[in-house]
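Observations on chain architecture
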Amino acid sequence: MKLLRRGDSDNPDNTRADAADSSPAAESPEAQDSAQVGKGRPTPKRRDAEGRRRGPVAPAPMTAKEARARRKATRGSKQDRKAAAAERRATAADRRARMLAGEDKYLLPRDKGPVRAYARDIVDARRNLVGMFMPLALVLIMAMFVSPGVQAIVTLVMLVMMLFMVVEGIFLGRMVNNRVRARYPDTTDGGLKLGWYAFVRASQLRKLRAPKPRVGPGDAI
């Protein structure tokens with residue numbers, strides 16, 4: 001008997017069988033399933049996962065009265081709505097004030113960047129004749145209704161003003177482009193687009209320009 005037991009312990013086949021029985025592979029099917037979660041199954045779609053997190057969707061309202069009751073419940077109280085509206089107005093006013101002050105983060109895409117800021121400074125430091133076109137045009141249009149004989153004179157004056165606008169616009173666009181290239185030689189912002197940008201700003205009344213001018217007429221740039 002002692003020899004038989006020694007033989008069993010010395011038998012490599014029996015030793016491997018015992019080790020196989022005690023290995024993790026011999027675990028129960030439930031343990032194997034729990035170990036394969038997230039590995040042997042396809043990844044769920046995002047909308048399915050979000051749908052499970054959100055839970056079931058509420059059924060659609062059956063009547064208009066029920067729909068109004070739901071909207072009223074989700075809107076919150078009147079005081080909450082007033083507070084939210086006041087907060088939105090304050091946020092919008094703050095953003096507009098920062099935009100008018102010239103903060104690059106709050107500017108429109110057409111106004112962003114040091115090149116556009118420099119072009120605005122060049123325009124704002126000049127007294128542009130083209131900026132008087134709109135006020136004079138309104139005066140001339142009103143004068144046309146005073147006397148029929150004035151219409152020919154008004155038409156001639158407006159044509160002369162438009163000619164001056166074209167000449168000044170070309171001169172202003174070239175000047176802005178030359179000065180921008182001298183200060184920012186590596187910039188890609190220039191040409192007709194930059195010249196048109198300067199012309200449009202020059203045609204606006206100084207008080208209505210946005211962002212507001214940082215320099216005064218005659219200041220060195």
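Residues numbered from 1 in each chain as written. Predicted model: local features only at pLDDT ≥ 70, side-chain atom pairs only at ≥ 80, totals over all residues. Heavy atoms only, no water.

Next up on the list: the overall build of the protein. Along the backbone of the protein there are 10 helices and zero strands. Along the protein, from the amino end to the carboxyl end, the secondary structure elements read α-α-α-α-α-α-α-α-α-α. A buried classification covers 22% of the 221 residues belonging to the protein. For the protein, long-range pairs separated by at least 24 residues make up 64% of all intrachain contacts whose partners lie at least 6 apart in sequence. When the accessible surface of the protein is split by element, carbon and sulfur atoms take 61% of a total near 17100 Å². (Helix = DSSP H or I, 4+ residues; strand = E, 2+ residues; numbered from the N terminus. Buried < 20%, exposed > 50% of the residue type's maximum accessible area, 1.4 Å probe, protein only. Contact = heavy atoms within 4.5 Å. Areas by Shrake-Rupley, 256 points an atom, 1.4 Å probe, with all protein chains shown as cover.)

The next subject is the side chain of Asn 177. Considering the arrangement of structural elements, one finds Asn 177 in helix H9 (residues 151–183). Discounting residues that sit within four places of it in the chain, Asn 177 has contacts with Gly 190, Gly 191, Leu 194 and Gly 195.

Looking at where Pro 135 falls in the secondary structure, it is placed in helix H8 (residues 133–143). On the basis of relative accessible area, Pro 135 is assigned to the partly exposed category, the value being 26%. Through-space distance from the C-alpha of Pro 135 to that of Leu 205 is 8.8 Å; in sequence the pair is 70 residues apart.

Quick look at the nonpolar core now. Ranked by internal contacts, the top residues of the largest apolar core, which has 22 residues, are Leu 172, Val 176, Val 180 and Leu 194. At the level of secondary structure, the elements contributing two or more residues to this core comprise helix H7 (114–124), H8, H9 and helix H10 (192–203). Ignoring any residue separated from it by four or fewer positions in sequence, one finds Leu 194 in contact with Val 115, Arg 116, Ala 119, Val 176, Asn 177, Val 180 and Asp 189. (Core = buried A, V, L, I, M, F, W, Y, C linked by side-chain atoms within 4.5 Å.)

Here we take up helix H6 (residues 78–101). Over its 24 residues, H6 runs 35 Å from end to end, which matches the ideal 34 Å to within 8%, given 1.5 Å per residue. Among the residues of H6, Ala 85, Met 99 and Leu 100 are the ones counted as buried. Remark: Gly 102 follows H6 within two positions and exhibits a positive phi of approximately 95 degrees. (Expected span 1.5 Å × (residues − 1).)

A few words on the confidence of the model for the protein. Close inspection of predicted coordinates is inappropriate in any region flagged by low pLDDT. For the protein, the mean per-residue pLDDT works out to 77, and 70% of the residues sit at or above 70. Confidence drops under pLDDT 50 across residues 1–38; counting only partners more than four residues distant or on other chains, this segment forms six contacts. (pLDDT = per-residue confidence, 0-100.)

Here we take up the packing of H7 against H10. Packing of H7 against H10 leaves a shortest axis separation of 10 Å and a crossing angle of 45 degrees. Between H7 and H10, the angle falls in the class oblique. Our pair here, H7 against H10, has a crossing hand that is right-handed. For the pair formed by H7 and H10, the contact residues are Val 115, Arg 116, Ala 119, Arg 120, Val 123 and Asp 124 on the first element and Leu 194, Tyr 197, Ala 198, Arg 201 and Ala 202 on the second. (Axes fitted to C-alpha atoms, helices over the stretch in contact; angles between N-to-C directions. Parallel < 35°, antiparallel > 145°, perpendicular 65-115°, else oblique. Left-handed = near helix turned anticlockwise from the far one by under 90°.)

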